[in-house]
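Each chain is listed here by its residues.
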Amino acid sequence: MDQPTSPIDKSNGTASSPPPPVHVVLYQPEIPQNTGNIGRSCVAVGAKLWIVEPASFSFEERRLRRAGLDYWQHLDIERVPNWETLTSKLDPARFFFLSKFAKRHLWDAPMSVGDVFVFGRETSGLPSHIMDPHDERALRLPTTEKVRSLNLATTAGIVLYEHVRQCSYLS
């Protein structure tokens, strides 16, 4: 079942347009400013943004629009009602899962055009039925023990630009 559309809930893809070089999935996001900033980064690299509902905020929220500035009109975004719907629309074999509990560093993952990067909720990450920290597709950014975690939008930006670096699709 498709979610109701809003001014920022759309997919710019058409049958004749090429698939996006990378997908970003936000699993039940909680902070509108993070989602807005991640949306802006997606526009910058040509990524498609997926939102697995429920989000903890309205997509009409001013803080979301402010963080995304005037880039939202260019964002390829799709909201899905649950995890199962997402995996039916995307190839789960191409998924990478970001978590501070993952054993493998982002830098050790060979990436390809079409990869899907899944980010969890800001307060609780990804549930165990989605991500196993020992799975080779589970990735983390190294940090000192003094930092509990990085901001979600910062992490997504680092991941997206590592993907761009490895796959060389932007000049």
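Everything quoted here is computed from the prediction, not taken from an experiment.

## Concerning the sheet that holds strand 3 (residues 76-80)
Ordered in space as 3-2-1-6-4-7-5, the seven strands form an open sheet in which the pairing is parallel. Of all strands in the sheet, those with a lone pairing partner are strand 3 and strand 5 (104-105), marking the two edges. Both strand 5 and strand 7 (residues 138-140) contribute to a ladder of two bridges, which runs parallel. The partner of His105 across the bridge, within strand 7, is Arg140. In this fold helix 4 (residues 152-167) packs onto strand 1 (22-27), strand 4 (95-98) and strand 6 (115-119), with an angle of close to 165° to the strand it touches most, strand 6.

## Comments concerning the environment of Val116
Within the secondary structure, Val116 is located in strand 6. For the pair Val116 and Lys48, spaced 68 residues apart in sequence, the C-alpha separation works out to 9.4 Å. Filtering out sequence-adjacent residues up to four positions away, Val116 remains in contact with His23, Val25, Leu90, Arg94, Phe95 and Phe96.

## A look at the pairing of strand 4
Neither face of strand 4 is exposed, since Phe95 and Phe97 on one face and Phe96 and Leu98 on the opposite face are all buried. Strand direction decides the pairing type here: strand 4 and strand 7, joined by two bridges, are parallel. Residue pairing across strands places Phe97 opposite Ala138, the latter belonging to strand 7.

## A few points about the nonpolar core
Ranked by internal contacts, the top residues of the largest apolar core, which has 31 residues, are Val24, Leu26, Ile38, Cys42, Leu49, Phe117 and Phe119. At seven residues, the largest contribution of residues to this core is made by helix 4. Not counting chain neighbours up to four residues away, the residues in contact with Cys42 comprise Val24, Ala47, Leu49, Leu75 and Leu160. Ranked by size, the runner-up nonpolar core spans 17 residues in total, among them Val80, Phe95, Ala102 and Val116.

## Thoughts on the pattern of salt bridges
All chains considered together, the criterion is met by seven salt bridges. Of the charged contacts in the structure, one is a salt bridge between Glu53 and Arg79, with a shortest N-O distance of 2.6 Å. Residue Glu53 is found in the loop between strand 2 (48-52) and helix 2 (62-68), and its partner Arg79 is found in strand 3; the two are separated by 26 residues along the sequence. The same class applies to Glu53 as to Arg79, namely buried. Three or more residues are tied together by salt bridges with common partners; here these are Lys48, Glu78 and Lys89.

## Quick word on the environment of Gly157
Tracing the chain through its elements places Gly157 in helix 4. Taking C-alpha positions, Gly157 is 8.5 Å from Cys42, a pair spaced 115 residues apart along the chain.

Definitions and cut-offs
- Residues numbered from 1 in each chain as written.
- Predicted model: local features only at pLDDT ≥ 70, side-chain atom pairs only at ≥ 80, totals over all residues.
- Heavy atoms only, no water.
- Pairing = 2+ DSSP bridges.
- Helix = DSSP H or I, 4+ residues; strand = E, 2+ residues; numbered from the N terminus.
- Contact = heavy atoms within 4.5 Å.
- Axes fitted to C-alpha atoms, helices over the stretch in contact; angles between N-to-C directions.
- Buried < 20%, exposed > 50% of the residue type's maximum accessible area, 1.4 Å probe, protein only.
- Core = buried A, V, L, I, M, F, W, Y, C linked by side-chain atoms within 4.5 Å.
- Salt bridge = Lys/Arg side-chain N within 4 Å of Asp/Glu carboxyl O.

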